[in-house]
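Architecture and fold: a report
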Amino acid sequence: MKVTAVNLSRRQILQGVAAIGAGAMLAPLLPMPAFAESFSPMELQKQGLLEDMFIGSPDAPVTIIEYASLTCSHCATFATESFPYLKKEYIDTGKVYYTMREFPLDNLAFAASMLSRCAPKEQYYDILHLFFEQQRKWAFTQDPLGNLKAMAKQIGYNDKTFEECLSNQSILDGVNESRERANKEFGVNSTPTFFINGEKHPGALTVEQLDEIIKPLL
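Residue numbers restart at each chain and count upward from 1, following the sequence in its written direction. Predicted model: local features are reported for residues with pLDDT of at least 70 only, side-chain atom pairs are reported and counted for 80 or more only, and whole-chain, interface and lining totals are derived from all residues. Water and hydrogen atoms play no part in the side-chain values, which are based on all heavy atoms of the structure.

1. Description of the pattern of salt bridges
- One side-chain nitrogen of Lys or Arg within 4 Å of one carboxyl oxygen of Asp or Glu is enough to make a salt bridge. With the rule as written, the count across this model stands at nine salt bridges.
- A salt bridge links Asp52 to Arg101, with the shortest nitrogen-to-oxygen separation between them at 2.9 Å. With Asp52 in the loop between helix H2 (41-44) and strand E3 (62-68) and Arg101 in strand E4 (residues 96-102), this residue pair connects regions lying 49 residues apart in the sequence.
- Think of it in three bands: with a 1.4 Å probe and only protein chains considered, a residue is buried below 20% of the maximum accessible area for its type, exposed above 50%, and partly exposed in between. Its relative accessible area of 10% is what places Asp52 among the buried residues.
- The exposure class of Arg101 is buried, given its relative accessible area of 5%.
- Two residues, Lys153 and Asp159, come together in a salt bridge whose shortest N-O distance is 3.9 Å.
- Among the residues examined, Asp159 registers a relative accessible area of 48% and is labelled partly exposed. Numbering of helices and strands runs from the N terminus; a helix is a DSSP stretch of H or I covering at least four residues, while a strand is a stretch of E covering at least two.

The structure is reproduced here in structure tokens:
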């Protein structure tokens, strides 16, 4: 899914979630070249303001960095249909070192990313899975803010901690940086986008595509 940039302030996060995609908050992203691209794995793995939540063995022969948005339907398809296979066959067996980085499509995804980051680290991927699994119940509704709050309560937030999280300047800055760096340095302008040992693969990869890309690298 192709997107436009979203650079939000703390006030915009608190006031803008109910008005998803407000034009004044969006600006064009850099265009993506038509040819295949590769980037330095060392550059890709440089730590940003937010800690990378890698899972798997750091010694794995394959490193996968996924840029995704919690309101992206293609990202949800990958998360629910392909990721379980990736985890079982490659991550849990020490063949792949994986992380997902924030690349929010809109204000709602931005807020959901912040909620994922405010929670304890050990809950990060469980929360992402819940957001993706129930995406249609909160992201594509007439009351996105109300449904986001309801989702937040499922993972332990109350009204006070919900607003405190969305007012957390360091996390807001970190999500902003993740998205801006991905676009400006690595040409990401659609979700999901994967970097597998530095090679860029846009689109929701199927199980068959994962095998085709990963197996030659083992």
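2. Here's the deal with the confidence of the model for the protein chain
- The predicted model of the protein chain has a mean per-residue pLDDT of 86, with 83% of residues at 70 or higher.
- Of all the helices and strands in the protein chain, strand E2 (residues 26-27) carries the lowest mean pLDDT, 38, while E3 carries the highest, 98.
- Scored below 50 in pLDDT, residues 2-10 makes 42 contacts in the model with residues more than four places away or belonging to other chains.
- Each residue carries a pLDDT score, the predictor's own confidence in it, on a scale running from 0 to 100. Any two residues whose heavy atoms approach within 4.5 Å at even a single point are treated as in contact. In this model, residues 16-30 is a region of pLDDT below 50 whose contacts with residues beyond four sequence positions or in other chains number 42 contacts.

3. Re the packing of aromatic side chains
- What counts as a ring pair is set by centres within 6.5 Å for rings of Phe, Tyr and Trp (its six-membered ring), and what kind of pair is set by the plane angle: stacked under 30 degrees, edge-to-face over 60, tilted for all other angles. Taken as a whole and assessed by the stated rule, the structure comprises twelve aromatic pairs.
- Between the aromatic rings of Phe83 and Tyr98, the centroid separation amounts to 5.1 Å while the plane-to-plane angle is 50 degrees, which identifies the pairing as tilted. Pair noted here: Phe83 is in helix H3 (residues 73-91) and Tyr98 is in strand E4, with a separation of 15 residues, a long-range link. Of the two residues, Phe83 and Tyr98, neither departs from the other in class, the shared state being buried.
- Members of the aromatic cluster, each reached through a chain of ring pairs, are Phe39, Tyr67, Phe103, Phe186 and Phe195.
- The positively charged end of Arg179 is found above the aromatic ring belonging to Phe103, 4.3 Å away from the centroid. For a ring to carry a charge above it, either NZ of a lysine or CZ of an arginine must fall within 6 Å of the ring centroid while also lying within 35 degrees of the normal to the ring plane.

4. Comments concerning the sheet that holds strand E6 (residues 199-202)
- If DSSP finds at least two bridges between two strands, the strands pair. The strand order across the open sheet formed by four strands is E4-E3-E5-E6, and the pairing between neighbours is mixed. Edge strands, defined here as strands with exactly one partner in the open sheet, are E4 and E6. For this sheet, the mean angle separating the axes of adjacent strands, direction not counted, is 20 degrees.
- With four bridges joining them, E3 and strand E5 (residues 193-196) adopt antiparallel strand pairing. When the sheet's bridge partners are listed, Ile65 is paired in E5 with Phe195. Only the stretch in contact is used when fitting a helix axis, every axis being a line fitted to C-alpha atoms; angles between N-to-C directions are given from 0 to 180 degrees.

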